[in-house]
Amino acid sequence: MRIDLFKLENGKGDFAQVYQPEELDLGDERVSLFSPASISGKIRQSGTEVIINGNVDSCVQVDCDRCLRPLQLPVKSDFSLEYITGSEYEANRTAELTEELMAVSVFDGQTIDVDEIAKEQILLQVPTRSLCKEDCKGFCPTCAADRNAGECGCSAGDVDPRWAALKDLMSGKS
Ligand SMILES: [Zn+2]
Ligand SMILES: [Zn+2]
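Treat the numbers as computed from the prediction; the structure is a model and nothing was measured.

> Just to check I follow, could you spell out the overall build of the protein for this structure?
Along its length, the protein carries four helices and seven strands. Traced from its N-terminal end to its C-terminal end, the protein shows the element sequence β-β-β-β-β-α-α-β-β-α-α. The buried share among the 174 residues of the protein stands at 29%. Of all intrachain contacts in the protein linking residues separated by at least 6 positions in sequence, the fraction that spans at least 24 positions is 57%.

As structure tokens, this is what we get:
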């Protein structure tokens, strides 16, 4: 969905959109929508600036970092965004590159892409590491069994070959 700024009444408007999981490609192979994502908010144009306040609500599916089991994470966030046109950005930038300016996004001055906002805001809420549970044991490096399902047997007494070599050295063998 795109918001056409020329259609806003008095430079103000509301928007709301619901995406089915297959309708919104998050552009990150680690993450997919598990349930429909909704986004809603208010848009306000003042001079060359556009301010958007809104929130997203969804549930995403990612893989556990250790055992690769899929897990679902609820995503809920409020956001506040500021857009200015490219020429406005350039004009400001030459004056002073403030922290405020770095937080704004550049747009074409005509339309705001709500799909892009939804994707960005959802991905921002996804942690870089995710575990199905705090103490997920992951896979056995030897036999690749899921160690959450029980001990596979090869972990007991299993010594990393590098340590084995070190042990031999220390005991005078080798
Ligand atoms: Zn796991
Ligand atoms: Zn094993």
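Following the structure, the description resumes.
> Got a minute to help me understand the coordination of the zinc ion (ligand 1) in this structure?
The expected angle between donors at a tetrahedral four-coordinate metal is 109.5 degrees. At an octahedral six-coordinate metal it is 90 or 180 degrees. Only Cys64 (SG), Cys67 (SG), Cys132 (SG) and Cys136 (SG) from the protein reach the zinc ion (ligand 1) as donors, at distances of 2.2 to 2.3 Å. Relative to the metal, the four donor atoms surrounding the zinc ion (ligand 1) lie at angles of 107 to 112°, and the coordination shape comes out tetrahedral. Along the chain, the residues that donate to the zinc ion (ligand 1) are spaced as C-x2-C-x64-C-x3-C. Neither residue differs from the other here; Cys64 and Cys67 are each classed as buried.

> Is there a simple way to think about the side chain of Ser77 in this case?
By secondary structure assignment, the location of Ser77 is in strand β5 (residues 70-85). Judged by its relative accessible area of 9%, Ser77 is buried. Setting aside chain neighbours within four positions, we find Ser77 in contact with Gly54, Asn55, Val56, Gln121 and Gln125.

> Would you mind showing me how to read the nonpolar core here?
In this structure, Ile39, Ile52, Val60 and Ile112 are the most contacted members of the largest nonpolar core, which totals 33 residues. Elements supplying a minimum of two residues to this core: β2 (12-19), β3 (32-46), β4 (49-63), β5 and α3 (114-124). Top contributing element to this core by residue count: β5, with six residues.

> Help me understand the packing of aromatic side chains in this model?
Following the criterion strictly, the structure yields one aromatic pair and no others. Their ring planes at 75° and their centres at 5.9 Å tell us that Tyr83 and Phe107 sit as a pair that is edge-to-face. Pair noted here: Tyr83 is in strand β5 and Phe107 is in strand β6 (residues 105-107), with a separation of 24 residues, a long-range link. For the residue pair Tyr83 and Phe107, the accessibility class agrees, reading buried in each case.

> Please explain the coordination of the zinc ion (ligand 2) as it appears in this structure.
Distances from the zinc ion (ligand 2) to its protein donors, namely Cys140 (SG), Cys143 (SG), Cys152 (SG) and Cys154 (SG), fall within the range 2.0 to 2.3 Å. Considered as a linear motif, the donors of the zinc ion (ligand 2) on their single chain read C-x2-C-x8-C-x1-C. The class of Cys140 is buried, set by a relative accessible area of 3%. Take Cys143: its relative accessible area is 40%, and that puts it in the partly exposed class.

> When you look at the side chain of Gln121 in this model, what are you seeing that I'm missing?
As for its position among the elements, Gln121 is in helix α3. The contacts of Gln121, once residues within four sequence positions are left out, are Val56, Ser77, Phe79 and Leu81.

> Teacher, can you tell me more about the pattern of salt bridges here?
Pairing between side chains becomes possible if they bear opposite charge and their charged atoms approach one another. For the coordinates displayed, the defined rule picks out seven salt bridges. For the salt bridge of Arg30 with Asp28, the shortest nitrogen-to-oxygen distance reads 3.9 Å. For Arg30, a relative accessible area of 36% puts it in the partly exposed group. Where Glu116 meets Lys119, a salt bridge forms, and the shortest distance between an N and an O atom there is 3.5 Å. Of the two residues, Glu116 and Lys119 both sit in helix α3, three residues apart, roughly one turn of that helix. Its relative accessible area of 36% is what places Glu116 among the partly exposed residues. On the accessibility criterion, Lys119 (21% relative accessible area) is partly exposed.

Reading the values: rules and limits
Residues numbered from 1 in each chain as written. Chains lettered and ligands numbered in written order. Predicted model: local features only at pLDDT ≥ 70, side-chain atom pairs only at ≥ 80, totals over all residues. Heavy atoms only, no water. Helix = DSSP H or I, 4+ residues; strand = E, 2+ residues; numbered from the N terminus. Buried < 20%, exposed > 50% of the residue type's maximum accessible area, 1.4 Å probe, protein only. Contact = heavy atoms within 4.5 Å. Donors = N, O, S within 2.8 Å, 3.2 Å for Na, K, Ca; no water. Tetrahedral: all angles 85-135°; square planar, octahedral: opposite > 155°, others 65-115°. Core = buried A, V, L, I, M, F, W, Y, C linked by side-chain atoms within 4.5 Å. Phe/Tyr/Trp six-rings, centres within 6.5 Å; stacked < 30°, edge-to-face > 60°. Salt bridge = Lys/Arg side-chain N within 4 Å of Asp/Glu carboxyl O.

Purely spatial values, then, with no claim about function.
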